[in-house]
Amino acid sequence: MTLPVFVFVAALVVAIGISVALAIGRGAALANLREILGVGAEGDLEAAARAVVDGRTAAAWQAQQRAADLANLADLIAVGILRLDEELRVVLANHAAHAFLERAPGELPGLSPMEAFADHEAEAILLSARERLAASGEVLVGGPDGRRLVVRARRSPAGGFWVVLEDVTELRRLQRIRSEFIDNLSHELRTPLANVRLLTEALTRDLEAFDAPDRVRDRVAKLDVESGHLVQMVNELLDLSRIESGASQLYLDVVDLGEVARAAADRLRLFAERQGVRLESDVPEQPLLVKGDAERLGQVLANLVHNAVKFSPTGQSVVIRAERGADEVVVTVADHGPGVPRADQARIFERFYKVDRARVRGQGGTGLGLAIARNIVEGHGGRIWVQSEEGSGSTFSFAIPAADFA
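Residues numbered from 1 in each chain as written. Predicted model: local features only at pLDDT ≥ 70, side-chain atom pairs only at ≥ 80, totals over all residues. Heavy atoms only, no water.

Here's the deal with the overall build of the chain
In step 1: Scanning the chain from N- to C-terminus turns up twelve helices and twelve strands.
In step 2: In the chain, which comprises 406 residues, the proportion classed as buried is 35%.
In step 3: Partitioning the intrachain contacts of the chain with sequence separation of at least 6 by distance along the chain shows that 56% fall at a separation of at least 24.
In step 4: Of the roughly 24,400 Å² of accessible surface on the chain, a fraction of 56% belongs to carbon and sulfur atoms. (Helix = DSSP H or I, 4+ residues; strand = E, 2+ residues; numbered from the N terminus. Buried < 20%, exposed > 50% of the residue type's maximum accessible area, 1.4 Å probe, protein only. Contact = heavy atoms within 4.5 Å. Areas by Shrake-Rupley, 256 points an atom, 1.4 Å probe, with all protein chains shown as cover.)

Here it is in structure tokens:
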């Protein structure tokens, strides 16, 4: 065989080998494709592949429509909505978010937290959300006269973060107006009420100098009681207003809450005896240390014990207990009074809220004592609650974080 013929034969063999290999590979690929698409040997592979492509196109179109629908829904909501990526850069922002942050439409996407808010507190909230999965806080944007926004951030299961912005500027303004009104009204009422109290006391002393009719004495005594209730209401209104506005500061120090409980019991024991109620305390001798304001915590206990004694039947007892928990000190005040109906327990710590049973019994009170107690306890980072069954007494409890010296 001559050399040219040999080369031709060799090339033909190689070409045939390549063709066979390609055919085998193509056959294997088609078999794999049929298996993936679930098409049998006699099935129409081309139709199945075209159906997959069409389905993918439809799925992409539906995803695009859902994204557009979500964007439209976000723009209809009156709160600001931001979508952030893992680097906390804005990916999506609705119209409200642009308005709250005083940005032109479409300007927010791509900005960092500091660029979007121009506020370190907002940036700190978002950084905290990245570390703790969720965070919230209130920030002031746009200068001293700008908007007050509540910022709530939470990590999305799909990655990134959702941020909700709520404009509370008007709410805070109304709260400030209410606080100023109550403050001014309380100050204006204090002087005339103090004068009424002084005149009532003088009239009571004058009646002792001569034989006045019983009905006159009863009316003067009632005037003294009712004016006392008014003075108490004004003082509690002023106190609550200052606490809620932050004007009344807590002077924190290491406090023995057990000693505060014993002092409250000693201070109110005479009042309890006059009501025919036994006041008992079950407080351990070892210190129950918390970081708090002793005067304010004493006010909380005084409110709870006063209410317990006031609504306890004659001959019953009120018990003050204090104990150290895992990381907090818990104080309870238990009575055997009429109890708090279940329907009222969720609202018992609201300002001016009174249980109907209290009104029927004719017991005095402004409905502010428990609201003041709640604000003081929460100001210490604690919690307050009630456990009660109607007709079986009540147990009011509050817990303050224990002092940590580690």
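Some points on the sheet that holds strand S12 (residues 394–401)
In step 1: In space, the five strands of this open sheet follow the order S7-S9-S10-S12-S11, with mixed pairing throughout. The sheet is open, and its two edges are formed by strand S7 (278–282) and strand S11 (383–388), each paired on a single side. Recorded for the sheet is a direction-independent mean angle of 15 degrees between the axes of neighbouring strands.
In step 2: In this structure, strand S10 (residues 328–334) lies alongside S12, joined through seven bridges in antiparallel fashion. Bridging from a neighbouring strand, Val330 pairs with Ala399 of S12.
In step 3: Sitting on the sheet, helix H8 (residues 257–274) is in contact with S7, strand S9 (317–324), S10 and S12, with an inclination near 170 degrees to S7. (Pairing = 2+ DSSP bridges. Axes fitted to C-alpha atoms, helices over the stretch in contact; angles between N-to-C directions.)

Some details on the sheet that holds strand S1 (residues 80–84)
In step 1: One open sheet accounts for five strands, arranged S2-S1-S5-S4-S3; its pairing is antiparallel. On the outer flanks of this sheet lie strand S2 (90–93) and strand S3 (134–141), each paired with one strand and no other. Going across the sheet, the axis of each strand differs from the next one's by a mean of 20 degrees, ignoring polarity.
In step 2: Note: S3 against strand S4 (residues 147–155), eight bridges, orientation antiparallel. Its bridge partner being in S4, Glu138 is matched across the sheet by Val150.

Some remarks on the side chain of Ser394
In step 1: On the secondary structure map, Ser394 appears in strand S12.
In step 2: Of note is the side chain of Ser394, whose polar atom sits 2.9 Å from the side chain of Ser388.
In step 3: With near-sequence residues (within four places) excluded, Ser394 lies in contact with Val333, Ala334, Asp335, Gly339, Val340, Val386, Gln387 and Ser388. (Polar contact = N/O pair within 3.5 Å; in protein donor to acceptor, adjacent residues only side chain to side chain.)

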